[in-house]
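# A look at the structure
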Amino acid sequence: AARPAQSDDMAHSLLFIRHTCPDGQVSEVATLLLKGCEGTVKHLLSRSPAGARGATVWNNGALAATFACYAALAAGMAGLAVPMGNFLPSMLIGALVGRLAGESLAQGGALADLLPADQAFSSLADPGVYALVGSAAMLSGFTHMTIAVV
């Protein structure tokens, strides 16, 4: 799903990938899939642009599609005779789940009934913070599992 390129996209240190989109638009899924693990994690952990507190940066559909793709690839690559680590993919999968949760909270969604009426969703943490927590949780679960196996 393409979205219009915002002026903050180019001023921001993290650039979005246009891929097959027309001029002035960027592809969120292409950005998440084609930046590599390190670049994607940097995108997911980044905070919302200045002045856009509470505004979502990522589309939930793009995050869910990327999660499904990376989770399937990470699960299938373990049995192949190809050199691939599990450290960064587990960190990326956790960041995707955390960012998806953070973006869902920022949009309100089904959780709107849980907060008091006078408290706005903009007072919650930035979605990048949820990505950091999700990444740390997935990574800690991954490392505990390998320690328990050894």
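Look up a bit, the structure's there.
Remember, predicted model here, so these are calculated numbers, not experimental data.

Counted by the stated rule, this structure contains 1 salt bridge. The partner of Glu103 in a salt bridge is Arg99, with the nearest N and O atoms 2.9 Å apart. With a gap of 4 residues between them, Glu103 and Arg99 both fall in helix H5 (residues 87-107), about one helical turn apart. You'll find Glu103 and Arg99 in the same group, each marked buried.

When you line up the elements, Ser27 lands in strand S2 (residues 25-27). Within the local environment of Ser27, its side chain forms a polar contact with the backbone nitrogen of Ala30, the two atoms lying 3.2 Å apart.

If you look at the biggest cluster of nonpolar residues, it comprises 16 residues, and the most contacted ones within it are Leu44, Trp58, Leu63, Tyr70, Leu92 and Leu96. Counting only elements with at least two residues in this core, the list comes to helix H3 (36-45), helix H4 (60-77) and H5. With 4 residues, the top contributor of residues to this core is H5. In contact with Leu96, other than residues within four places in its own chain, are Leu44, Leu63, Thr66, Phe67 and Tyr70.

Bringing the environment of Met91 into the picture now. Within the secondary structure, Met91 sits in helix H5. Placed 48 residues apart in sequence, Met91 and Leu139 show a C-alpha to C-alpha distance of 5.4 Å. In contact with Met91, other than residues within four places in its own chain, are Val41, Ser135 and Leu139.

Take the packing of H4 against H5 next. Contact pair H4 / H5: the axes reach a minimum separation of 10 Å and the direction vectors enclose 160°. With respect to their mutual orientation, H4 and H5 come out roughly antiparallel. Judged by the sense of rotation from one axis to the other, the crossing of H4 with H5 is left-handed. Residues Asn60, Leu63, Thr66, Phe67, Tyr70, Ala71 and Ala74 of H4 lie in contact with H5, whose contacting residues are Pro89, Leu92, Ile93, Leu96, Val97, Arg99, Leu100, Glu103, Ser104 and Gln107. Looking at the contact of H4 with H5 residue by residue, the class counts come to 11 nonpolar, 4 polar and 2 charged.

Rules behind the numbers
Residues numbered from 1 in each chain as written. Predicted model: local features only at pLDDT ≥ 70, side-chain atom pairs only at ≥ 80, totals over all residues. Heavy atoms only, no water. Salt bridge = Lys/Arg side-chain N within 4 Å of Asp/Glu carboxyl O. Helix = DSSP H or I, 4+ residues; strand = E, 2+ residues; numbered from the N terminus. Buried < 20%, exposed > 50% of the residue type's maximum accessible area, 1.4 Å probe, protein only. Polar contact = N/O pair within 3.5 Å; in protein donor to acceptor, adjacent residues only side chain to side chain. Core = buried A, V, L, I, M, F, W, Y, C linked by side-chain atoms within 4.5 Å. Contact = heavy atoms within 4.5 Å. Axes fitted to C-alpha atoms, helices over the stretch in contact; angles between N-to-C directions. Parallel < 35°, antiparallel > 145°, perpendicular 65-115°, else oblique. Left-handed = near helix turned anticlockwise from the far one by under 90°. Nonpolar A, V, L, I, M, F, W, Y, C, P; charged D, E, K, R; others polar.

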